[in-house]
Amino acid sequence: MTDARQPIAWRHTLYLLLALVTVCAPHALHLPWWTVGLVATLIAWRAYVGYAQRTLPSRWLLLLTAVVATGGVFLSYRTVFGREAGIALLVIMLALKTLEMRTLRDAMVLVFLGYFLVITNLLYSQTIVAALYMLACVVFITATMGSLNYAEEEPPLRAQLRAAVLMLAQSVPL
């Protein structure tokens with residue numbers, strides 16, 4: 001088990017970003033084009049920062065981006081409340097949170113936001129295909145959460161996915 005204040009490793013950042021992209025992907029069909037572009041840019045920026053070992057952006061820049069994005073959501077939907085505007089804000093804030101991710105604790109917050117965002121897909125589609133995709137997203141996020149707990153030698157991704165499926169299968173009765 002790792003310490004919650006420990007800096008997050010690049011491989012964990014990469015797994016988490018990939019999991020969050022898979023979670024955000026179905027929402028791209030329902031979001032304005034500028035929101036999809038902003039989220040893609042923010043996640044790509046975080047991937048670059050992690051890969052190149054650069055410093056994360058300042059809080060002021062993130063706050064300014066959040067305010068401008070909230071204004072954009074208001075202009076697009078004429079409100080910041082409701083299903084569409086709320087999901088747009090959630091996706092944007094999730095992408096912004098990736099640029100604040102420094103420690104295991106921050107990564108765990110993103111994991112739980114990812115779980116919540118998976119559920120919001122039910123507001124748009126309740127088909128079997130959508131449910132299977134959401135189940136795959138939950139397995140991937142759960143495997144990512146498991147990988148965050150390995151500081152040194154972690155099992156291969158296949159073993160982590162198998163463990164995630166087993167844990168989720170055991171939770172079905174609940």
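Whatever comes next refers back to the structure up there.
Since this is a predicted model, take the numbers as computed values, not measurements.

1. Observations concerning the side chain of Thr 98
In step 1: Examined against the element boundaries, Thr 98 turns out to sit in helix H4 (residues 83-98).
In step 2: Classification of Thr 98 as buried rests on a relative accessible area of 1%.
In step 3: If near-sequence neighbours (up to four positions away) are discounted, Thr 98 is found in contact with Leu 17, Leu 20, Leu 42, Arg 46 and Leu 110.

2. Some details on the nonpolar core
In step 1: The biggest cluster of nonpolar side chains holds 41 residues, and the ones touching the most others in it are Leu 16, Val 91, Leu 117, Val 118 and Leu 148.
In step 2: Residues contacting Leu 117, with those up to four places away along its chain left out, are Val 23, Cys 24, His 27, Leu 90, Val 91 and Leu 94.

3. Focus on unusual backbone geometry
In step 1: Located in the positive-phi region is Gln 53, a residue other than glycine, with phi close to 55°.
In step 2: By the element assignment, Gln 53 lies in the loop between helix H2 (33-52) and helix H3 (59-77).
In step 3: Of the residues examined, Gln 53 reaches a relative accessible area of 72% and is grouped as exposed.
In step 4: If you check the backbone angles, Arg 78 has positive phi at about 65° while not being a glycine.
In step 5: For Arg 78, the location among the structural elements is in the loop between H3 and H4.

4. A word on the pattern of salt bridges
In step 1: For the structure shown, the criterion picks out four salt bridges.
In step 2: Residues Arg 59 and Glu 100 are paired through a salt bridge, measuring 3.6 Å at the closest nitrogen-oxygen approach. Taken as a pair, Arg 59 in helix H3 and Glu 100 in the loop between H4 and helix H5 (104-120) lie far apart in primary sequence, 41 residues in all.
In step 3: Its relative accessible area of 58% is what places Arg 59 among the exposed residues.
In step 4: A salt bridge links Glu 84 to Arg 83, with the nearest nitrogen and oxygen atoms 2.8 Å apart.
In step 5: Judged by its relative accessible area of 39%, Arg 83 is partly exposed.
In step 6: A network of salt bridges, in which partner residues are shared, links Arg 59, Lys 97 and Glu 100.

5. Digging into a nonpolar patch on the surface
In step 1: On the surface, Trp 45, Tyr 48, Leu 61, Leu 64 and Val 68 cluster together into a nonpolar patch covering about 480 Å² of accessible area.
In step 2: Mapped onto the nonpolar patch, the elements with two or more residues apiece are H2 and H3.
In step 3: Here the nonpolar patch takes three residues from H3, the largest share from any one element.
In step 4: Relative to the helices and strands, Val 68 resides in helix H3.
In step 5: Classification of Val 68 by relative accessible area gives exposed; the value is 56%.

Cut-offs applied
Residues numbered from 1 in each chain as written. Predicted model: local features only at pLDDT ≥ 70, side-chain atom pairs only at ≥ 80, totals over all residues. Heavy atoms only, no water. Helix = DSSP H or I, 4+ residues; strand = E, 2+ residues; numbered from the N terminus. Buried < 20%, exposed > 50% of the residue type's maximum accessible area, 1.4 Å probe, protein only. Contact = heavy atoms within 4.5 Å. Core = buried A, V, L, I, M, F, W, Y, C linked by side-chain atoms within 4.5 Å. Salt bridge = Lys/Arg side-chain N within 4 Å of Asp/Glu carboxyl O. Patch = residues over 30% accessible without salt bridge, like charges linked within 9 Å, V, L, I, M, F, W, Y side chains within 5 Å. Areas by Shrake-Rupley, 256 points an atom, 1.4 Å probe, with all protein chains shown as cover.

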